[in-house]
Amino acid sequence: ARTIAGGRYAVFEVPHTEEGVSDFWRDLPRIAAQLPVDGTRPILERYARQKLLAHLCEFCVPLQKENTVGFEAQWVSMPEPCLTAQMESDIFTI
């Protein structure tokens, strides 16, 4: 078993296609510029069954603990151009 470090993550829902996943990784620097990303922890890919049935997957980008005040209830919209589907992120805590 592997333990995942707790903390805050911005969650991006993307199409579970080669293009959707590639677009996310290509646009990650632009995405990260808007968030207090914690570069010491890995980005997680999450494949929940219900998301996969809808042809979606999620990328969880770790956020710095000290710079996330005020993000709890906010949605972070992707700047234009959007990826193949509208992408928004939700902030959650493990």
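Cut-offs applied
Residues numbered from 1 in each chain as written. Predicted model: local features only at pLDDT ≥ 70, side-chain atom pairs only at ≥ 80, totals over all residues. Heavy atoms only, no water. Helix = DSSP H or I, 4+ residues; strand = E, 2+ residues; numbered from the N terminus. Buried < 20%, exposed > 50% of the residue type's maximum accessible area, 1.4 Å probe, protein only. Contact = heavy atoms within 4.5 Å. Phe/Tyr/Trp six-rings, centres within 6.5 Å; stacked < 30°, edge-to-face > 60°. Lys NZ or Arg CZ within 6 Å of the ring centre and 35° of its normal. Pairing = 2+ DSSP bridges. Polar contact = N/O pair within 3.5 Å; in protein donor to acceptor, adjacent residues only side chain to side chain. Core = buried A, V, L, I, M, F, W, Y, C linked by side-chain atoms within 4.5 Å. Salt bridge = Lys/Arg side-chain N within 4 Å of Asp/Glu carboxyl O.

**Notes on the side chain of Asp-38**
- Along the chain, the position of Asp-38 falls in the loop between α1 (18-32) and β2 (44-46).
- The class of Asp-38 is buried, set by a relative accessible area of 15%.
- Leaving out residues up to four positions away in the same chain, Asp-38 has contacts with Pro-62, Leu-63 and Gln-64.

**Side note on the packing of aromatic side chains**
- In total, this model carries 4 aromatic pairs according to the counting rule given.
- Ring geometry for Trp-25 against Phe-59: centres 5.4 Å apart, planes inclined by 85 degrees, an arrangement best described as edge-to-face. Linking Trp-25 in helix α1 with Phe-59 in strand β3 (residues 56-63), this pair joins segments that are 34 residues apart in sequence.
- Its relative accessible area of 37% is what places Trp-25 among the partly exposed residues.
- Three or more aromatic residues joined by ring pairs make a cluster, and in this case those are Phe-12, Phe-24, Trp-25 and Phe-59.
- Looking at Arg-41, its charged tip hangs above the ring of Tyr-9, at a distance of 4.9 Å from the centre.

**So, the pairing of β3**
- The buried count for β3 comes to 7 of 8 residues, which makes it a mostly enclosed element.
- Relative to β3, strand β1 (residues 8-15) runs antiparallel, the two sharing 8 bridges. Counterpart to Pro-15 in the pairing with β3 is Leu-56.
- Relative to β3, β2 runs antiparallel, the two sharing 3 bridges.

**With respect to the side chain of Glu-58**
- By the secondary structure assignment, Glu-58 is in strand β3.
- Overall, the relative accessible area of 8% leaves Glu-58 in the buried class.
- One polar contact links Glu-58 to Arg-46, side chain to side chain, over a distance of 2.7 Å.
- Discounting chain neighbours no more than four positions away, the residues touching Glu-58 are Val-11, Phe-12, Glu-13, Leu-44, Glu-45, Arg-46 and Lys-51.

**Things to note about the nonpolar core**
- In this structure, Ala-10, Phe-12, Val-14, Val-21, Phe-24, Leu-28, Ile-31, Leu-35, Cys-57, Phe-59, Val-61 and Leu-63 together form the largest nonpolar core, which totals 12 residues.
- Mapped by element, the contributors of at least two residues to this core are β1, α1 and β3.
- In this structure, Phe-59 is in contact with Ala-10, Val-11, Phe-12, Val-14, Val-21, Phe-24, Trp-25, Ile-43, Leu-44 and Glu-45, ignoring residues within four places of it in sequence.

**Regarding the pattern of salt bridges**
- Inspection of the entire model under this criterion finds 7 salt bridges.
- Residues Asp-38 and Arg-41 are paired through a salt bridge, measuring 3.0 Å at the closest nitrogen-oxygen approach. By the burial criterion, Asp-38 is buried, and Arg-41 matches it.
- Among the charged side chains, a network of salt bridges with common partners joins Glu-13, Arg-46, Lys-51 and Glu-58.

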